[in-house]
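The lines below spell out each chain.
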Amino acid sequence: SLQQGSLALFPVAVQGPLTWEMDAVKKDENTLYATLLAGIGYTFESGDTMTFEYLYYGQGYDSEEASNFSQLKKDASFFYSSQSALSGYGTQLLGKAAGNQLDFFRQNYLMVQYLNDDIIDAVDLVSRITYCLDDESSRLYSSVSYDLNDHMELMLSGMMNTGGPDASFGAFLDYQIQVAVEYSF
């Protein structure tokens, strides 16, 4: 896909004690930002499926923008925890950083997914690895679901980010575990 301009929020240095702002500086640009997803999948005789994909996300941060974003988060965290008049500014800046309108933080990703329906009677498994080529961070995700009956399903999923606070993954969350019961009618 191609998109003219970008509504994504980018870190912008400002004068004074506030130091940073998140702004949609590229929204009125004539630049075309490309998103390219290319992949291949293979289904084994057993019905299991393996998918390999490459994603180029043109709106994502380049190295300089990612470095500025990392510094913005550090400064905003300092202001947030300072218990001073700038604490509210730090809160606002961290909120804008978390909601920067980017689907992916950086630009180049490799993804591998494995799907096994009925790994054991009524149990399904999905596992996915997303690897950022720009900063070598990754997101590991796995989900197991169990059909309790015709209308209810029990699900357990886990996600872990590697790469630390300055990487594409791990910027705001290290790991997550979810348990859910789904009812459909």
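Residues numbered from 1 in each chain as written. Predicted model: local features only at pLDDT ≥ 70, side-chain atom pairs only at ≥ 80, totals over all residues. Heavy atoms only, no water.

Draft legend 1. Geometry of the environment of Asp75. Mapped onto the elements of the fold, Asp75 is located in helix 1 (residues 63–81). In the structure, Asp75 is positioned 56 residues away from Thr19 in sequence and 8.1 Å away in space, judged by C-alpha atoms. Residue contacts for Asp75: discarding those within four places in its chain leaves Thr19 and Trp20. Within the structure, the side chain of Asp75 is placed 2.8 Å from the side chain of Trp20, a separation counted as a polar contact. (Helix = DSSP H or I, 4+ residues; strand = E, 2+ residues; numbered from the N terminus. Contact = heavy atoms within 4.5 Å. Polar contact = N/O pair within 3.5 Å; in protein donor to acceptor, adjacent residues only side chain to side chain.)

Draft legend 2. Structural context of the sheet that holds strand 10 (residues 175–183). Strand order in this open sheet of eight strands is 1-4-5-6-7-8-9-10, and the pairing throughout is antiparallel. Each having just a single partner strand, strand 1 (2–4) and strand 10 make up the two edges of the open sheet. Strand-to-strand twist in this sheet, taken as the mean axis angle between neighbours without regard to direction, amounts to 15°. For strand 4 (residues 32–43) and strand 5 (residues 49–57), the ladder comprises nine bridges, and the chain directions are antiparallel. Residue pairing in the sheet places Ala38 in a bridge with Tyr54 of strand 5. (Pairing = 2+ DSSP bridges. Axes fitted to C-alpha atoms, helices over the stretch in contact; angles between N-to-C directions.)

Draft legend 3. Examining the pattern of salt bridges more closely. Summed over all chains, the structure comprises four salt bridges. Between Lys26 and Glu65 there is a salt bridge, and its shortest N-O distance comes to 2.9 Å. Here Lys26, found in the loop between strand 3 (20–23) and strand 4, pairs with Glu65, found in helix 1; they are 39 residues apart in sequence, far enough to count as distant. A relative accessible area of 15% places Glu65 in the buried class. (Salt bridge = Lys/Arg side-chain N within 4 Å of Asp/Glu carboxyl O. Buried < 20%, exposed > 50% of the residue type's maximum accessible area, 1.4 Å probe, protein only.)

Draft legend 4. Spotlight on helix 1. Over its 19 residues, helix 1 runs 27 Å from end to end, which matches the ideal 27 Å to within 8%, given 1.5 Å per residue. Residues Glu65, Ala66, Phe69, Ser70, Leu72, Lys73, Ala76 and Phe79 constitute the buried set of helix 1. In the core, the buried residues of helix 1 are packed alongside strand 2 (10–13), strand 3 and helix 2 (87–98). (Expected span 1.5 Å × (residues − 1).)

Draft legend 5. Here's a closer look at the pairing of strand 8 (residues 138–147). By the bridge criterion, nine bridges tie strand 7 (residues 123–132) to strand 8 in an arrangement that is antiparallel. From the neighbouring strand, Leu125 faces strand 8, where its bridge partner is Val144. Between the end of strand 7 and the start of strand 8, which pair antiparallel, lie five residues, with Glu136 showing a positive phi angle near 60°. Turn length for the strand 8-strand 9 (residues 152–162) hairpin, with the two strands adjacent in sequence and antiparallel, is four residues.

Draft legend 6. Expanded view of unusual backbone geometry. Of note, Gln83 is a non-glycine position whose phi angle comes to about 50°, a positive value. Relative to the assigned elements, Gln83 resides in the loop between helix 1 and helix 2. Residue Glu136 is not a glycine yet carries a positive backbone phi of 60°. Mapped onto the secondary structure, Glu136 falls in the loop between strand 7 and strand 8.

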